[in-house]
Amino acid sequence: MKGFVRAALAAVRPADVLPSPNIWHWPEVYEVENRAQDAGGAIWAALREECDWTGRDVVDVGCGDGFHLPVFAADARSVTGVEPHRPLVERARARVADLPNAEVVAGPAQRLPLRDGSADLVHARTAYFFGPGCEPGIREAERVLRPGGALAVVDLDGLAPPYGPWLCADEPRYDPVAVERFFADRGFSLRRVRALWRFERRSDLEAVLRIEFSGPVAERAIAETPGLAFEVGYRVHVRRRPAGLVLP
């Protein structure tokens, strides 16, 4: 997965902005991908069970062009998208222009332009939090969360076929076991979710796989995917900020 793998490896180096080539270079195809992902709402259901945002203040880190913001805004008291790439900031602002409880601000995950203790849920979906190297973002999420608030990281499951093996084949240096250990060592829970990706046209499915993977892996994925749908495994990692005094 071009954007995911490059960002995951870049996360071990200091950087304000980790490029995401898929959505940066092909935003219209990525919109098709977003519409196809999680057709049955499995990720949303798992998130709501883990950290319901109804009536609460939500921050979506690395919100891209804001695709998920209206879903949060339907139930949240407020939702703030944070995105470092200026063209995507503008697209996201246009998407939520008619939602009075939603806004989009420009900034990196390592320096969120938000007040201390201003959020109940910090959400990141396949953005920035890819394991080793994302500690500055975790600290920032902790800073903006209120006591009892949650950081929810939704990430691709590199161990779950068919998508996981394609991901690992595209970038052999990516180690999903090490990433899981990273989150476990920092007190995150783990919930595995199987989500259906369903497309309206075969050409859309093929276009999406071609922006997610390098040429040979994309062609392998296309050949291994008959029809218009396939399942993708995700990991939902959640860590809460302590609600009271923590004694040594």
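Residues numbered from 1 in each chain as written. Predicted model: local features only at pLDDT ≥ 70, side-chain atom pairs only at ≥ 80, totals over all residues. Heavy atoms only, no water.

**Q** Which residues make up the overall build of the chain, and what values go with them?
**A** Check the secondary structure of the chain and you find 11 helices and 7 strands. Computed over its C-alpha atoms, the radius of gyration of the chain comes to 17 Å, within 12% of the 18 Å expected for a compact globule of 248 residues. In terms of principal-axis extent, the alpha carbons of the chain reach across some 55 × 45 × 35 Å. Within the chain, the proportion of its 248 residues that are buried is 52%. For the chain, long-range pairs separated by at least 24 residues make up 73% of all intrachain contacts whose partners lie at least 6 apart in sequence. Across the chain, 32 positive and 35 negative side-chain charges occur, with their mean positions spaced 2 Å apart. (Helix = DSSP H or I, 4+ residues; strand = E, 2+ residues; numbered from the N terminus. Rg over C-alpha atoms; globule rule 2.2 N^0.38 Å. Buried < 20%, exposed > 50% of the residue type's maximum accessible area, 1.4 Å probe, protein only. Contact = heavy atoms within 4.5 Å. Lys, Arg positive; Asp, Glu negative; His and termini not counted. Charge placed at Lys NZ, Arg CZ, Asp CG, Glu CD.)

**Q** Lay out the UniProt feature "domain: Methyltransferase type" (unreviewed entry) in the chain with the relevant residues and their values.
**A** In this numbering, the UniProt entry assigns the feature "domain: Methyltransferase type" (unreviewed entry) to residues 59–152. Helix makes up 27% of residues 59–152 and strand makes up 31%, while its end C-alpha atoms are separated by 10 Å. (UniProt positions renumbered as here; feature names shortened; annotations may be inferred.)

**Q** Got a sec to walk through the environment of glycine 117? Specific residues and values, please.
**A** For glycine 117, the location among the structural elements is in the loop between strand 3 (102–106) and strand 4 (119–125). Taking the relative accessible area as the measure of exposure, glycine 117 reaches 27% and is therefore partly exposed. Sequence separation of glycine 117 and proline 19 is 98 residues, and the distance between their C-alpha atoms is 28 Å.

**Q** Just give me the short version of helix 4 (residues 42–50), but keep the residues and values in it.
**A** Among all positions of helix 4, only Ile43, Trp44, Ala46 and Leu47 are buried. Looking down the long axis of helix 4, one finds its buried residues gathered within 165° of arc, a one-sided arrangement. (Arc of directions from axis to C-beta.)

**Q** So what about the side chain of arginine 125? Which residues, and what values?
**A** One can find arginine 125 in strand 4. For the buried arginine 125, which has no salt bridge, the nearest side chain bearing the opposite charge is aspartate 38, at an N-O separation of 4.6 Å. Within the local environment of arginine 125, its side chain forms a polar contact with the side chain of histidine 123, the two groups lying 3.4 Å apart. For arginine 125, the contacting residues outside a window of four places in its chain are Ile43, Trp44, Leu47, His68 and Val154. (Salt bridge = Lys/Arg side-chain N within 4 Å of Asp/Glu carboxyl O. Polar contact = N/O pair within 3.5 Å; in protein donor to acceptor, adjacent residues only side chain to side chain.)

**Q** Describe in detail the sheet that holds strand 3, supporting the description with residues and values.
**A** If you trace the 7 strands from one edge of the open sheet to the other, you get 3-2-1-4-5-7-6, paired in mixed fashion. What marks the edges here is a single partner per strand, and that holds for strand 3 and strand 6 (189–198). Taken over all neighbouring pairs, the strand axes of this sheet differ in orientation by 20° on average, direction set aside. Pairing between strand 1 (residues 57–61) and strand 4: 3 bridges, direction parallel. Directly across from valine 59, in strand 4, lies its bridge partner valine 122. Against the sheet, helix 6 (residues 86–95) touches strand 2 (78–83) and strand 3, its axis set at about 170° to strand 3. (Pairing = 2+ DSSP bridges. Axes fitted to C-alpha atoms, helices over the stretch in contact; angles between N-to-C directions.)

**Q** Describe the pattern of salt bridges, with residues and values.
**A** Inspection of every chain in the model, using the stated rule, returns 29 salt bridges. Arginine 91 is paired through a salt bridge with aspartate 65; the nearest N and O atoms lie 4.0 Å apart. Residue arginine 91 is found in helix 6, and its partner aspartate 65 is found in the loop between strand 1 and helix 5 (69–73); the two are separated by 26 residues along the sequence. Take arginine 91: its relative accessible area is 31%, and that puts it in the partly exposed class. Judged by relative accessible area, which is 1%, aspartate 65 ranks as buried. Here the salt bridges share partners, and the residues they tie into one network are Glu28, Glu31, Arg35, Asp65, Arg91 and Arg95.

**Q** Outline the packing of aromatic side chains, listing residues and values.
**A** Considering all chains together, one arrives at 13 aromatic pairs under this definition. Taken together, a centroid distance of 6.0 Å and an interplanar angle of 55° make the contact between tyrosine 163 and tryptophan 166 tilted. In this pair, tyrosine 163 and tryptophan 166 both sit in helix 8 (residues 163–170), 3 residues apart, roughly one turn of the helix. Relative accessible area serves as the criterion here: at 1%, tryptophan 166 is assigned to the buried category. Taken together through their ring pairs, the aromatic side chains of Tyr163, Trp166, Trp197, Phe199, Phe213 and Phe230 make up a single cluster. Note that arginine 48 overlies the ring of tryptophan 53, its terminal NZ or CZ placed 4.2 Å from the centroid. Over the face of the ring belonging to tryptophan 44 we find arginine 125, whose NZ or CZ atom lies 4.4 Å from the ring centre. (Phe/Tyr/Trp six-rings, centres within 6.5 Å; stacked < 30°, edge-to-face > 60°. Lys NZ or Arg CZ within 6 Å of the ring centre and 35° of its normal.)

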